[in-house]
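Analysis of the macromolecular model
Chain by chain, the residues:
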Amino acid sequence: MTYLNRKNMRPFVFLFMVAALFTSCEDFEEKTYEMSDVEVAACALINDTLEVSIDTYDMAHLSPAWSGYDIESALISSERISSSWFDDDHLILSDIYVFTKGADTLGALQFRSLVYDEPSNTVDSVEVEYLYNASGTPSFASAVRDTVLVLGIANTPAYLNFELGLVTSSDVWHIQFDGEIVKQNTDLKLNRIRGGDISTFSSAPSGKYFADGPGYDVALEQLMADSLYLEYADSLNYLNLSNAIDAGFILWDRSGQLNKTLIFNLDEYISIFIWDSEGTLVVPIDNSISMETISYCSSVKVREVFELEEDMYLLRFRPHESAVEWSHHLAIVEGE
């Protein structure tokens, strides 16, 4: 039997390992990973020092339904008051509701107390204090003040006329109480004043009155009236939010513009919501961030790609964290 001498084999083993190492190295090629031209443009824009300051809108004064995260219900709501006059703990919100009819300021109302009927899960009675303004002027200095207790509305709707008090459904009425659902007559417009007290109320506001209708239409009407538009899509936009829950709404009028793939880049962790003119949510076609952007442009925290047409869009930017005030940078670039 022949035995191999291990000492004699060692030089051959070493040479074999070196040869294998060189052979393996040939399988590796040096590659340079770079951002695309679109990514470079987005990074340059979001790190620009020149910015355009834009205010966004707080929708909560329209109705608390616009607060929080269930915005879809506010978009389709057709009642400006509905059940939004009290919170989840059945505590009444200290808001004043001012109503106009045509050119006249008709009245103002505030909810004072309620009785919630647990078996039927609705309001059975409510006490309201209201002012009737016979002069029709914005001043309530000579308005008639009254308080009324509305009973049994868990089973039977009740109706209020500012001039006459409680009336029947066949009479001219201004406010309807149907359990927790409260609505204005269709020929009235409403302005909701948050955090007021009707005992010291003296003068009606000059604007922001809304008739019953889809919440989306009301939102557009409000933003158009206040001219809150995203006007500088090709600039670094510094968007101001009054808070993280209710604010962050703005319009983007793309009338006369071509259909395009547009990439929204943000330097904070913020969700983007876009609704078209029909109130339909536009779903992003991509929200990924490449490893190149993560490595070379850490300023980009959120990247979402949308296909947008020639349309009027309602945009909302919702931060992932609550804060007293929020502001962030937005850079929009065209896709490839």
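Below, the structure is looked at part by part. For every chain, the first residue of the written sequence is number 1, and numbering continues from 1 along that sequence. For this predicted model, a pLDDT threshold of at least 70 governs which residues receive local features, and a threshold of 80 or more governs which side-chain atom pairs are given and counted, while totals over whole chains, interfaces and linings are taken from all residues. Side-chain measures were taken over the full set of non-hydrogen atoms in the model, leaving aside hydrogen atoms and water.

**Digging into empty space enclosed by the protein**
The test is simple: Cavity means a closed set of points on a 1 Å grid over the protein atoms alone, one where a 1.4 Å probe fits but cannot get out, pocket means an open set with protein on both sides within 12 Å along at least 5 of 7 lines, and lining means a residue has an atom within 4 Å of a point. Grid points are joined across faces, edges and corners, and a volume is the space filled by probe spheres set on the points. Each helix corresponds to a stretch of at least 4 residues labelled H or I by DSSP, and each strand to a stretch of at least 2 residues labelled E; elements are numbered beginning at the N terminus.
Scanning the entire structure with this criterion turns up 3 cavities of 30 Å³ or more. Estimated volume of the largest cavity: approximately 60 Å³. For the largest cavity, the full set of lining residues is V38, E39, A42, I263, N265, T293, V300, R303 and V333. Broken down by secondary-structure element, the contributors of at least two residues to the lining of the largest cavity are helix 2 (37–46) and strand 13 (260–266). In this structure, the second largest cavity encloses a volume near 40 Å³. Lining the second largest cavity, in full, are L62, S63, A65, W66, A74, S77, E79 and R80.

**Comments concerning the side chain of Q184**
How we decide: For every residue, the accessible area (1.4 Å probe, protein chains only) is compared with the maximum for its type, and the residue is labelled buried under 20%, exposed over 50%, or partly exposed between those bounds. Here a polar contact means two N or O atoms within 3.5 Å. Within protein one must be a hydrogen donor candidate and the other an acceptor candidate, and residues neighboring in sequence count only if both atoms are side-chain atoms.
The topology assignment puts Q184 in strand 9 (residues 181–184). For Q184, a relative accessible area of 2% translates into the label buried. A polar side-chain atom of Q184 sits 2.9 Å from the main-chain carbonyl oxygen of L188. Here the side chain of Q184 touches F210 through a polar contact of 3.2 Å, landing on its backbone oxygen.

**Regarding the sheet that holds strand 16 (residues 312–319)**
Cut-off, in case you're wondering: In short, DSSP must find at least two bridges between two strands for them to pair. An axis is simply a line fitted to the C-alpha atoms; with a helix, the fit covers only the stretch in contact. Between two such axes, the angle follows the N-to-C directions and lies from 0 to 180 degrees. Note on definitions: a residue-residue contact is assigned when non-hydrogen atoms from the two residues lie within 4.5 Å.
Strand order in the open sheet made by the 3 strands is 12-16-14, with antiparallel pairing throughout. Bordering the open sheet on either side are strand 12 (249–253) and strand 14 (270–275), each of which pairs with just one other strand. When strand polarity is set aside, the average angle formed by the axes of neighbouring strands in this sheet is 25°. Inspection of the sheet shows strand 12 paired to strand 16 by 5 bridges, in the antiparallel sense. Residue pairing for strand 16: F249 is matched across the bridge by R316. Packed on one face of the sheet, helix 4 (residues 215–225) meets strand 12, strand 14 and strand 16 and runs near 90° to strand 16.

**Observations concerning the sheet that holds strand 10 (residues 189–193)**
Strand order in the open sheet made by the 5 strands is 5-4-3-2-10, with antiparallel pairing throughout. Each end of this open sheet is capped by a strand with a single partner; those strands are strand 5 (144–150) and strand 10. Geometrically, the sheet is characterised by an average inter-axis angle of 25° between neighbouring strands, direction not taken into account. Two elements, strand 2 (residues 96–101) and strand 3 (residues 104–117), share 5 bridges in a ladder whose sense is antiparallel. Considered in strand 3, the bridge of V98 is made with A108.

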